[in-house]
Amino acid sequence: MSTFGTTFCDSFVTASFEQGAWQAPSIVPLAPIPIHPAAHVLHYASTCFEGFKAYRWDDGKVYVFRLADHVLRMQRSAASLSLPVPEESLLSGMVVDLVLRHADEVPAPPSSLYLRPTLIGTLPNIGAAAAPSSEALLFVLASPVGDYFKGGAGPLKLLVDDARARSTEQLGSTKTGGNYAAALGPTLEAKAEFGVDQVLFCPGGDVQETGASNFLLISDDEVITKPLDSSFLHGMTRASILTLAADLGYRVNERNFTVDELLQWSKSHEAALSGTAAALAPVGQLVYRGNTTAVRDGTAGPNTERLRKALQDIQFGRSPDTHGWLTAVNP
Ligand SMILES: Cc1ncc(COP(=O)(O)O)c(C=O)c1O
């Protein structure tokens, strides 16, 4: 399978917001979209998106993971950017119809079909910097993706940055392009200078998240992660892992922690990144103020593996979906 995010199903689904109302969605051949050069999104970054997956079970059926929760997060992102908010039924229906159309292309485990709803402000008005886009386009892309761990990607190396933030207090929990643009420069710099995979943003010592995933501390009996606030993205994988950890008897501790505590913790316990792409990925090394230290012995820890397996077993239908996280999409 090709690089994540570069292969697409040959149709996508779109719906526009015009004159105060959402128009009926349609599935059309995947093609460039006409956009006015003055479109609000191109100048004032009125855009948000989602990312989640459909999985094929061994019996051939296809299921979307945490669809309603991702739609809700998209609605919150849209509202925070003053974009028209799509109704739950509109966006869920678009996703389900598209997956249904391409059900045969959902790859077998450990691959999956990645879904990317996107909302952009299309009002052609470069004078609208301080006004919302009253016109918008909502679309959903479908992209078959392979196993993140295929090819033997080992535990990750992170730069611990205790100065910079990934986002702002205002938009931290909004899934909007500008946040990724803000993280790009620091991440490229850190890759070039320290050979790391990601930057862990910890402004003022407060451990938050990386450019595209949440961060968890894991031991034999406890999982610690930052409590939900407006400074970071509220990951669905994070929420799912916390629920499964509690089911498995771990103490789940949503609390703030500092870089000092992280470094202390890492001497003997595990750390991991959570996100839709990789599920739960072990962290093996931390670079802080020029010093590189191993997380435990630098290898993938057993608790991280256990929790990842618990999540993926549900996604792939190998253990029961006791929390009602999966939406069946079958003809
Ligand atoms: C900044 C950021 N944090 C966290 C996450 C993890 O979110 P989720 O688990 O919903 O994929 C993502 C990925 O979407 C992200 O981009």
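Residues numbered from 1 in each chain as written. Predicted model: local features only at pLDDT ≥ 70, side-chain atom pairs only at ≥ 80, totals over all residues. Heavy atoms only, no water.

J.: Just checking my understanding: could you explain the overall build of the chain for this structure?
T.: In terms of regular secondary structure, the chain is built from seven helices and 17 strands. For 331 residues, the compact-globule formula gives about 20 Å, and the C-alpha radius of gyration of the chain, at 20 Å, lands near that figure. A principal-axis box enclosing the C-alpha atoms of the chain has dimensions of 60 × 50 × 35 Å. In the chain, buried positions account for 50% of the 331 residues. Summing over all exposed atoms, the chain offers an accessible surface of approximately 14,200 Å²; the carbon and sulfur share of this is 54%. (Helix = DSSP H or I, 4+ residues; strand = E, 2+ residues; numbered from the N terminus. Rg over C-alpha atoms; globule rule 2.2 N^0.38 Å. Buried < 20%, exposed > 50% of the residue type's maximum accessible area, 1.4 Å probe, protein only. Areas by Shrake-Rupley, 256 points an atom, 1.4 Å probe, with all protein chains shown as cover.)

J.: I'm lost on the site of the ligand in this one. Help?
T.: Contacts to the ligand come from 18 residues, most closely from Lys175, Tyr180, Glu209, Thr237 and Thr276. For the ligand, a nitrogen atom lies 2.6 Å from a polar atom in the side chain of Glu209. Thr237 has a polar side-chain atom sitting 2.5 Å from an oxygen atom of the ligand. In the complex, the protein chains occlude 96% of the 380 Å² of accessible area that the ligand would expose alone. Looking at the shell around the ligand, the elements with two or more residues in it are α2 (67-80), α5 (236-247) and β14 (270-275). Of the residues contributing to the shell around the ligand, the split by class is four nonpolar, 10 polar and four charged. (Near = heavy atom within 4 Å. Polar contact = N/O pair within 3.5 Å; in protein donor to acceptor, adjacent residues only side chain to side chain. Nonpolar A, V, L, I, M, F, W, Y, C, P; charged D, E, K, R; others polar.)

J.: I tried to follow the nonpolar core on my own but got confused; where do I start?
T.: One recurring pattern in soluble globular proteins: nonpolar side chains tend to sit buried together. Residues Val64, Val95, Val99, Leu115, Leu119 and Leu138 are the most contacted members of the largest nonpolar core, which totals 31 residues. For this core, the secondary structure elements donating two or more residues are β1 (11-18), β5 (52-56), β6 (62-65), α2, α3 (88-101), β7 (112-121) and β8 (136-145). Sequence-distant contacts of Leu138, defined by excluding residues within four places in its chain, comprise Val13, Thr14, Ala15, Trp22, Met74, Pro86, Leu90, Leu91, Met94, Thr118 and Leu119. Within the second largest apolar cluster, 22 residues are counted, among which are Tyr55, Val223, Ala272 and Leu280. (Core = buried A, V, L, I, M, F, W, Y, C linked by side-chain atoms within 4.5 Å. Contact = heavy atoms within 4.5 Å.)

J.: What is the right way to read α3 from this model?
T.: Spacing of three or four residues puts side chains on the same side of an α-helix, whose turn is 3.6 residues. Given a rise of 1.5 Å per residue, 14 residues ought to cover 20 Å, and the 20 Å separating the end C-alpha atoms of α3 matches this to within 8%. All buried positions along α3 are accounted for by Leu90, Leu91, Ser92, Met94, Val95, Leu98 and Val99. (Expected span 1.5 Å × (residues − 1).)

J.: I'm lost on the pattern of salt bridges in this one. Help?
T.: Pairing is possible between side chains of opposite charge, provided their charged atoms come close. Considering all chains together, one arrives at 14 salt bridges under this definition. The shortest N-O distance in the salt bridge between Glu254 and Arg238 comes to 2.6 Å. Here Glu254, found in strand β13 (residues 251-254), pairs with Arg238, found in helix α5; they are 16 residues apart in sequence, far enough to count as distant. When salt bridges with common partners are traced through the structure, they connect Asp161, Arg164 and Glu189 into a single cluster. (Salt bridge = Lys/Arg side-chain N within 4 Å of Asp/Glu carboxyl O.)

J.: What's the story with helix α6 (residues 259-266) in this structure? I'm lost.
T.: Three or more residues of α6 are buried, namely Val259, Leu262, Trp265 and Ser266. For α6, the angular spread of buried residues about the axis comes to 120°, placing them on one side. (Arc of directions from axis to C-beta.)

J.: Looking at this model, I keep getting lost on the domain arrangement of the chain. Mind explaining?
T.: Interfaces are often sized by the amount of accessible area the parts lose when they come together. Splitting the chain by domain gives domain 1 (11-145) and domain 2 (156-315). In this complex, domain 1 contributes 19 residues to the contact, which on the side of domain 2 involves 17 residues. Note on domain 1 versus domain 2: buried area summed over both sides is about 1,500 Å², and carbon and sulfur give 58% of it. On the domain 1 side of the contact with domain 2, Phe49, Phe65 and Arg73 bury the most area, a combined 37% of that side's loss. Joining domain 1 to domain 2, the criterion identifies 11 residue pairs in polar contact (both at pLDDT 80 or more). Of all elements in the fold, only β4 (47-49), β5 and α2 reach the threshold of two or more residues within the side of domain 1 that touches domain 2. It is α2 that provides the largest number of residues to the side of domain 1 that touches domain 2, a total of five residues. Residue composition of the side of domain 1 that touches domain 2, by class: nine nonpolar, five polar and five charged. (Domains from an automatic or database assignment. Buried area = accessible area lost by both parts, 1.4 Å probe.)

J.: Help me understand the packing of α5 against helix α7 (residues 302-315), please; the structure alone is not making it clear to me.
T.: Following both chains from N to C, one finds α5 and α7 inclined at 105°, their axes separated by 10 Å at the closest point. The angle between the axes of α5 and α7 places the two elements in the roughly perpendicular class. Here Thr237, Ser240, Ile241, Leu244 and Ala245 of α5 lie close against α7, whose contacting residues are Leu307, Ala310, Leu311 and Ile314. The residue makeup of the contact of α5 with α7, split by class, is seven nonpolar, two polar and no charged. (Axes fitted to C-alpha atoms, helices over the stretch in contact; angles between N-to-C directions. Parallel < 35°, antiparallel > 145°, perpendicular 65-115°, else oblique.)

J.: What am I meant to see in the packing of aromatic side chains here?
T.: What characterises a pair of aromatic rings is the spacing of the ring centres plus the angle enclosed by the ring planes. This model, assessed by the stated rule, comprises eight aromatic pairs. Ring geometry for Tyr55 against Phe316: centres 5.2 Å apart, planes inclined by 90°, an arrangement best described as edge-to-face. With a gap of 261 residues between them, Tyr55 in strand β5 and Phe316 in the loop between α7 and β17 (326-328) connect regions that are remote in the sequence. Taken together, a centroid distance of 5.7 Å and an interplanar angle of 80° make the contact between Phe65 and Trp325 edge-to-face. Highlighted residues: Phe65 in strand β6 and Trp325 in the loop between α7 and β17, separated in sequence by 260 residues. Taking NZ or CZ as reference, Arg166 lies 4.9 Å from the ring centre of Tyr180, over its face. (Phe/Tyr/Trp six-rings, centres within 6.5 Å; stacked < 30°, edge-to-face > 60°. Lys NZ or Arg CZ within 6 Å of the ring centre and 35° of its normal.)

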